[in-house]
Amino acid sequence: MLIKSNLKLHQVIAITWKVDLVMLLLCTAAHFTDVHLVPEIDIPGLLPSLIGTALAFFIGFNNNHSYGRWWEARMIWGALVNDCRSWARFLLAYASVPEGMTKEEVDAMLEKMVRRQIAFVHALKTSLQKSNNKEYEHYLTQEELNEVKMYS
């Protein structure tokens, strides 16, 4: 995907020169083989174009399928994040102080629950991206971190 709208030719060459060089070498080798090594074999022009068209359809369908799966995963991830936010909002808005607890104890429990939820979303993102980001550690206590580090 191109980000800039004013991409210059030298920028394109700087990005793609390795692939361009490989393609040029392969085309040169194919031409040399066709003209000098096996000139008696004549391949009709229809055959490569037919194979190329079939290959283009195959790649196009695969790309479309891959994009569909990516989009579905993105929608699921967005719904998960929105559900986590909604859960935290409802928790903070509708939690009441039960008998036998003080408001400070309830507030501490609510903060702990919300922080765990935030840590869960960050840890899940890190796991799905297969990265080594430890951003979720900021939201957990040391005891919780020791418990979490026992699992992958």
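As a reminder, the structure under discussion sits directly above these lines.
What you see is a predicted model, and the numbers here were worked out from it, not measured in a lab. The numbers attached to residues start from 1 for each chain and follow its sequence in the written order. Side-chain atom pairs in this predicted model are given and counted only at pLDDT of 80 or more, local residue features only at pLDDT of at least 70, and totals for whole chains, interfaces and linings cover all residues. To get the side-chain values, take all heavy atoms of the structure and skip hydrogens and water.

Q: Hey, could you run me through the packing of helix α2 (residues 46-94) against helix α3 (residues 103-129) in this one?
A: How two helices pack is summed up by the angle between their axes together with the distance between the axes. Between α2 and α3, the shortest axis-to-axis distance is 9 Å and the interhelical angle comes to 170 degrees. On the basis of the axis angle, α2 is roughly antiparallel to α3. Across the interface between the two elements, Trp 77, Leu 80, Val 81, Cys 84, Trp 87, Ala 88, Leu 91 and Leu 92 from α2 touch Leu 110, Met 113, Val 114, Gln 117, Val 121, Leu 124, Lys 125 and Leu 128 from α3. For this scheme, ten residues count as nonpolar: Ala, Val, Leu, Ile, Met, Phe, Trp, Tyr, Cys and Pro. Four count as charged, namely Asp, Glu, Lys and Arg, and the remainder, Gly too, count as polar. Split by residue class, the contact of α2 with α3 holds 14 nonpolar, 1 polar and 1 charged. Helix axes are fitted to C-alpha atoms over the stretch in contact, other axes to C-alpha atoms as well, and angles between N-to-C directions run from 0 to 180 degrees. Secondary structure elements are taken from DSSP: a helix is a run of H or I of four residues or more, a strand is a run of E of two residues or more, and numbering for both begins at the N terminus. Angular relationships are summarised with four words: roughly parallel below 35 degrees, roughly antiparallel beyond 145, roughly perpendicular across 65 to 115, and oblique for the angles in between. Note on contacts: a residue pair is in contact if any heavy atoms of the two residues lie within 4.5 Å.

Q: Looking at this structure, how should I read unusual backbone geometry?
A: Negative phi characterises most residues that are not glycine, and trans characterises most peptide bonds. The residue Lys 130 is not glycine, and still its phi comes out positive at about 55 degrees. With respect to the helices and strands, Lys 130 occurs in the loop between α3 and α4 (142-148). The rule is simple: take the accessible area with a 1.4 Å probe, protein chains only, and divide by the maximum for that residue type; under 20% is buried, over 50% is exposed, in between is partly exposed. The exposure class assigned to Lys 130 is exposed, which follows from its relative accessible area of 76%.

Q: Explanation requested: the nonpolar core in the structure shown.
A: A general feature of soluble globular proteins is that nonpolar side chains tend to end up buried together. For this analysis, a nonpolar core means a set of buried residues of the types Ala, Val, Leu, Ile, Met, Phe, Trp, Tyr and Cys, connected via side-chain atoms within 4.5 Å. Within the largest apolar cluster, 5 residues are counted, these being Ala 88, Leu 91, Val 106, Leu 110 and Val 114. When residues of this core are traced back to their parent elements, those giving at least two are α2 and α3. Per element, the largest residue contribution to this core is 3 residues, and it comes from α3.

Q: How should the pattern of salt bridges be read in this particular structure?
A: Counted as salt bridges are all cases of a side-chain nitrogen of Lys or Arg within 4 Å of a carboxyl oxygen of Asp or Glu. Under the definition given, this model contains 4 salt bridges. Residue Lys 103 pairs with Asp 107 through a salt bridge whose shortest N-O separation is 3.3 Å. Of this pair, Lys 103 and Asp 107 both sit in helix α3, 4 residues apart, roughly one helical turn. Close ionic contact of Lys 125 with Glu 135 constitutes a salt bridge, the shortest N to O distance being 3.8 Å. With Lys 125 in helix α3 and Glu 135 in the loop between α3 and α4, this pair connects stretches of sequence that are 10 residues apart. Under the relative-accessibility criterion, Lys 125 is labelled partly exposed at 26%. Exposure remark for Glu 135: the relative accessible area of 29% places this residue in the partly exposed category.

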